[in-house]
Structures are given as C-alpha cells and as structure tokens.
Amino acid sequence: MAEKLQKLVVVTPARIAYSDEVRMVCARGADGDLGILPDHAPLITALKTDVVRVQKNGQWRYLAVSSGFLEAKENRVIILSDAAEAAEEIDVERARRAKERAEERLRTRTPEIDIIRAEAALLRALARLKAVEMARGRH
Ligand code: ATP
C-alpha cells in the first residue's frame, strides 16, 4: 500500500523554497525536536535556525531554515521563514565566508558590533553547512 503523505510548503519573503507531498518532516522547534507524520495533531511552534529533514519514498532531503514558524494542520505543514534553501542550492563558499565573518565579529566584540545579529548570522551559516554535509552523507 502506498504510504500516506502530507503536504509541506516552505515559504520565505522571496519565494516558495519547497513544496511537495512528503512522508515525514523533522525540525527543531523552540521546545524541542519534532517529527511530524501525516495525521499529526494540530501544532504551531517557533523554529530554531537549523536543518529541516524531509522524507519521501524512503529518501531524505535537507533544507537549511532560518528561524521562523511551523504550523501543522490537516496534513499540511507550513514553514514560514526569513530564508530557506535546499541543500543542493547552497553555495558552500558563501556560507563559509559568512561563518568566518560572524566568528570574527564575535571574537572582536567592539561596541559597534551587534552581537545578536552576528550570532544569528553564525547560526544561519552553520545550518547551511550542516545541510550540505547531511545531504552528502545522507544521514
Ligand atoms: P550572507 O552574509 O552570505 O548574505 P546571510 O545569512 O546574511 O548570508 P540571509 O540574509 O540569510 O543571508 O539570506 C539572504 C538571501 O540569500 C536568502 O534568499 C537566502 O536564501 C540566500 N542565501 C544566503 N546564503 C546562502 C548560501 N550560502 N547559499 C545559497 N543561498 C544563500
């Protein structure tokens, strides 16, 4: 029997970063890790900046998602985020540069440097690098 699926849509201000019928969505919610299968109870949660894993036909796909919100309801999962990229879309060199820039800012910590902003940029870069690594290893 075909496995039951649910719709996943990942929306950013710029575009629909992902839209497909999938089996499972794993994400890091503000209150802990989530694994959402079809017929999940209705849920709204904030998301941490991290990798969202999506399973379909036994295959995993990986998306880097900047902090945002997730709603699950009636077999539809909607993620709203400032930025989201599938692993294949990620420019690794750009993410490495962003990581180094953020680390340098956090090391320097002059009064002009916005620490919260630098920390958020570091987390985005780390999530992007992690998504690429996970997609390469398929773990
Ligand atoms: P950078 O400093 O390299 O711009 P950033 O974390 O500040 O990184 P964001 O503001 O999160 O970038 O994203 C701006 C846009 O660029 C978004 O549309 C995002 O999807 C895209 N983007 C950011 N970094 C990458 C990357 N390494 N590969 C592909 N797209 C990226």
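Source: prediction; values computed, not measured.

Conventions and cut-offs
Residues numbered from 1 in each chain as written. Predicted model: local features only at pLDDT ≥ 70, side-chain atom pairs only at ≥ 80, totals over all residues. Heavy atoms only, no water. 1 Å grid on protein atoms, 1.4 Å probe; cavity = no way out; pocket = protein on both sides within 12 Å on 5 of 7 lines; lining within 4 Å. Points joined across faces, edges and corners; volume = space filled by probe spheres on them. Helix = DSSP H or I, 4+ residues; strand = E, 2+ residues; numbered from the N terminus. Salt bridge = Lys/Arg side-chain N within 4 Å of Asp/Glu carboxyl O. Buried < 20%, exposed > 50% of the residue type's maximum accessible area, 1.4 Å probe, protein only.

### Overview of the layout of surface pockets
At step 1: Of the pockets and cavities examined, the largest pocket occupies roughly 470 Å³.
At step 2: Taken together, 18 residues line the largest pocket, and the ones lying closest to its centre are Arg94, Ala98, Arg101, Arg124 and Arg128.
At step 3: Taken together, the elements giving at least two residues each to the lining of the largest pocket come down to helix H1 (92-108) and helix H2 (115-137).
At step 4: At 7 residues, the largest contribution of residues to the lining of the largest pocket is made by H1.

### Considering the pattern of salt bridges
At step 1: Throughout the structure, instances matching the rule amount to 11 salt bridges.
At step 2: The salt bridge partner of Lys4 is Asp39, with a shortest N-O separation of 3.0 Å. On the criterion of sequence distance, the pair formed by Lys4 in the segment before strand S1 (6-11) and Asp39 in the loop between strand S4 (32-36) and strand S5 (43-47) is long-range, its members being 35 residues apart.
At step 3: Taking relative accessible area as the criterion, Asp39 reaches 52% and is therefore assigned exposed.
At step 4: With a shortest N-O distance of 3.3 Å, Lys99 and Glu103 are connected by a salt bridge. Of this pair, Lys99 and Glu103 both sit in helix H1, 4 residues apart, which is roughly one turn of that helix.
At step 5: When its relative accessible area of 25% is taken as the criterion, Glu103 is described as partly exposed.
At step 6: Through salt bridges with shared partners, one network takes in Arg28, Asp50 and Lys130.

Nothing here speaks to function; it is geometry throughout.
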